[in-house]
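One letter stands for each residue in the lines below.
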Amino acid sequence: MKKLLDIEVEKRNCEGEVCLERLDPIMVAHRYKDPTISLICAFFAYGNVKQIVKFLDSLDFSLLQKSDEEIKEGLKNHYYRFQKSEDVAALFIALKRLNEKSTLEEVFKRGYLKNRSTVDGINELIKTLQEIYPHKTMGYNFLISQVTTKTKGAGALKRWMMYLRWMVREDNIDMGLWSGVDRSDLIIPLDTHTFNVSKKLGLLSRKSYDLEAAIELTSKLKEFDKNDPLKYDFALYRIGQEKLSLGMS
């Protein structure tokens, strides 16, 4: 299995893997190579990939340097699935305010470095975003997620984990914009493609789609590469998306 996955990783680790014919939200993030814009791209990475990229392409990211009123005005016609225009504006305002005081990397590390826990780092970012610009709606809560204190039955934090992969790892797919976070501490961004293909390949036994399953799969992938288990993530995602057999029964 390691040999088969290593071949897929090698094949997928190229710039051509993310292009107009093979869409992925990271394509928009690559244009800017900015942690804040990348987080927005990760947050909206749910649903149909064509619609995701179309929505991200419609956003004016220069608004992140503008006043609250300019942000609200500039985004008044922008909405995406569960998120109304007020939710999109709230995200831009919260991120703008955070960047005026600190950086996403610094806030994440404040939580992460205590126990080298990526979940603690994510919780620190969620709390900061909630406090810096209080805005509570179903759409906004879905977008930034909730503070997570358990793993079983908890959401897999897929979009946050994907963002961390983009920020921490560096290859032809991931951007490596942060330093001081160990790749071995990352947890796989578990989406339905990865979840299903990992069960079929015998990499995952847990039947519940939750954070515990993401941790279990990450532990299994550490048997293949203990220092960089998430190098297999993009390949697993594409295998599931493209419905490749890869020796599956």
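In the block above lies the structure referred to throughout.
Reading the values: the criteria
In this convention, every chain numbers its residues from 1, walking through the sequence in written order. Reporting of local features is limited, given that this is a predicted model, to residues whose pLDDT is at least 70; pairs of side-chain atoms are given and counted only at 80 or more, and all residues count toward the totals for whole chains, interfaces and linings. Note that water and hydrogens are dropped before the side-chain values are worked out from all heavy atoms of the structure. Segments assigned H or I by DSSP are reported as helices when at least four residues long, segments assigned E as strands when at least two residues long, and all are numbered from the N terminus. Whether two residues are in contact is decided by their heavy atoms, any of which lying within 4.5 Å being enough. Here the Shrake-Rupley method, with its probe set to 1.4 Å, supplies the accessible areas, and only the displayed protein chains count as covering residues. Under the convention used here, Asp and Glu are negative, Lys and Arg are positive, and both His and the chain ends fall outside the count. The location of each charge is read from NZ of Lys, CZ of Arg, CG of Asp or CD of Glu. When the centres of two rings from Phe, Tyr and Trp lie within 6.5 Å, Trp using its six-membered ring, the rings pair. Their planes under 30 degrees apart give stacked, over 60 give edge-to-face, and anything left gives tilted. Working definition: with a 1.4 Å probe on protein chains only, accessible area under 20% of the residue-type maximum means buried, over 50% means exposed, and in between means partly exposed. For a ring to carry a charge above it, either NZ of a lysine or CZ of an arginine must fall within 6 Å of the ring centroid while also lying within 35 degrees of the normal to the ring plane. In these notes, a set of buried Ala, Val, Leu, Ile, Met, Phe, Trp, Tyr and Cys residues joined through side-chain atoms within 4.5 Å is what counts as a nonpolar core. Structural elements are reduced to axes, namely lines fitted to C-alpha atoms, with helices fitted over the stretch in contact, and the angle between N-to-C directions of any two is expressed from 0 to 180 degrees. Handedness of a helix crossing follows the sense of rotation of the near helix relative to the far helix, less than a right angle counterclockwise being left-handed and clockwise being right-handed. The term salt bridge refers to a side-chain nitrogen of Lys or Arg lying within 4 Å of a carboxyl oxygen of Asp or Glu. Candidates for patches are residues over 30% relative accessible area with no salt bridge; among them, like charges are joined within 9 Å and nonpolar side chains (Val, Leu, Ile, Met, Phe, Trp, Tyr) within 5 Å. Residues adjacent in sequence count toward polar contacts only when both atoms are side-chain atoms; beyond that, a polar contact is any pair of N or O atoms within 3.5 Å, and within protein one must be able to donate a hydrogen and the other to accept it.

A. Spotlight on the overall build of the protein chain. Of the regular secondary structure elements, the protein chain holds 13 helices and 0 strands. Taken from the N to the C terminus, the helices and strands of the protein chain come in the order α-α-α-α-α-α-α-α-α-α-α-α-α. The C-alpha extent of the protein chain, read off along each of the three principal axes, is 55 × 40 × 30 Å. Once local pairs closer than 6 in sequence are excluded, the contacts in the protein chain between residues at least 24 apart make up 66%. Accessible surface, the protein chain: about 11,700 Å² in total, of which carbon and sulfur atoms supply 49%. Of the charged side chains in the protein chain, 40 are positive and 36 negative; the average position of the first set lies 5 Å away from that of the second.

B. Fine view of the packing of aromatic side chains. Using the criterion set out here, one finds 17 aromatic pairs in the structure. Ring centres of Tyr46 and Tyr80 lie 5.3 Å apart, and the angle between their planes is 80°; on these two criteria the pair is classed as edge-to-face. Of this pair, Tyr46 sits in the loop between α3 (35-43) and α4 (49-58) while Tyr80 sits in the loop between α5 (68-74) and α6 (85-101); the two residues are 34 residues apart in sequence, bridging distant segments of the chain. According to the relative accessible area criterion, Tyr46 is buried, its value standing at 11%. Their ring planes at 75° and their centres at 5.8 Å tell us that Phe224 and Tyr232 sit as a pair that is edge-to-face. By the burial criterion, Phe224 is buried, and Tyr232 matches it. By way of ring pairs, the aromatic residues Phe43, Phe108, Tyr112, Trp160, Tyr163 and Trp178 are connected into one cluster. Over the face of the ring belonging to Phe82 we find Arg81, whose NZ or CZ atom lies 5.6 Å from the ring centre. The ring of Phe142 carries the charged tip of Arg159 above its face, separated from the ring centre by 4.6 Å.

C. Summary view of the nonpolar core. Among the nonpolar cores identified, the biggest contains 87 residues, and Ile40, Phe92 and Trp160 are the most heavily contacted of them. Per element, the largest residue contribution to this core is 9 residues, and it comes from α6. Excluding residues that lie within four positions of it along the chain, Ile40 makes contacts with Leu56, Leu59, Phe61, Leu64, Leu91, Phe92 and Leu95.

D. Highlighting the packing of α3 against helix α10 (residues 158-168). Running from amino to carboxyl end, α3 crosses α10 at an angle of 145°, the nearest separation of the two axes being 9 Å. Two packed elements cross with a definite hand, and for α3 against α10 that hand is right-handed. Listed contacts from α10 to Pro35, Ser38, Leu39, Cys41, Ala42 and Phe43 of α3 are Arg159, Trp160, Met162, Tyr163, Trp166 and Met167.

E. Representation of the pattern of salt bridges. With the rule as written, the count across this model stands at 21 salt bridges. Here Arg97 makes a salt bridge to Asp68, at a shortest N to O gap of 2.6 Å. Taken together, the residues Arg97 in helix α6 and Asp68 in helix α5 connect sequence positions 29 residues apart. On the accessibility criterion, Arg97 (25% relative accessible area) is partly exposed.

F. Summary view of unusual backbone geometry. Unlike most non-glycine residues, Arg116 shows phi in positive territory, near 50°. Its place among the elements puts Arg116 in the loop between α7 (104-115) and α8 (118-132).

G. Inspection of the environment of Ser208 at higher detail. Mapped onto the elements of the fold, Ser208 is located in the loop between α11 (192-200) and α12 (211-222). By relative accessible area, which is 37% here, Ser208 ends up partly exposed. The sequence separation of Ser208 and Arg97 amounts to 111 residues, and the corresponding C-alpha distance is 37 Å. Apart from residues no more than four positions distant in its own chain, Ser208 is found in contact with Phe195 and Ala213.

H. Just the environment of Ile26, in detail. Tracing the backbone through its elements, the reader meets Ile26 in helix α2 (residues 26-32). By relative accessible area, Ile26 is classed as buried at 0%. Expressed as a C-alpha distance, the spacing of Ile26 and Leu204, which sit 178 residues apart in the sequence, is 26 Å. Those residues in contact with Ile26 that sit more than four places away from it in its chain are Val18, Arg165, Trp166, Ile173, Asp174 and Met175.

I. Molecular detail of a nonpolar patch on the surface. On the surface, Phe82, Met138 and Phe142 cluster together into a nonpolar patch covering about 310 Å² of accessible area. You can see Met138 is positioned in helix α9 (residues 138-144).

J. Representation of the side chain of Asp185. Within the element layout of this structure, Asp185 appears in the loop between α10 and α11. Residue class for Asp185 comes out buried when judged on its relative accessible area of 15%. Side-chain polar atoms of Asp185 contact the side chain of Arg116, separated by 2.8 Å. Ignoring anything within four residues of it in the chain, the contact list for Asp185 reads Tyr112, Arg116 and Thr118.

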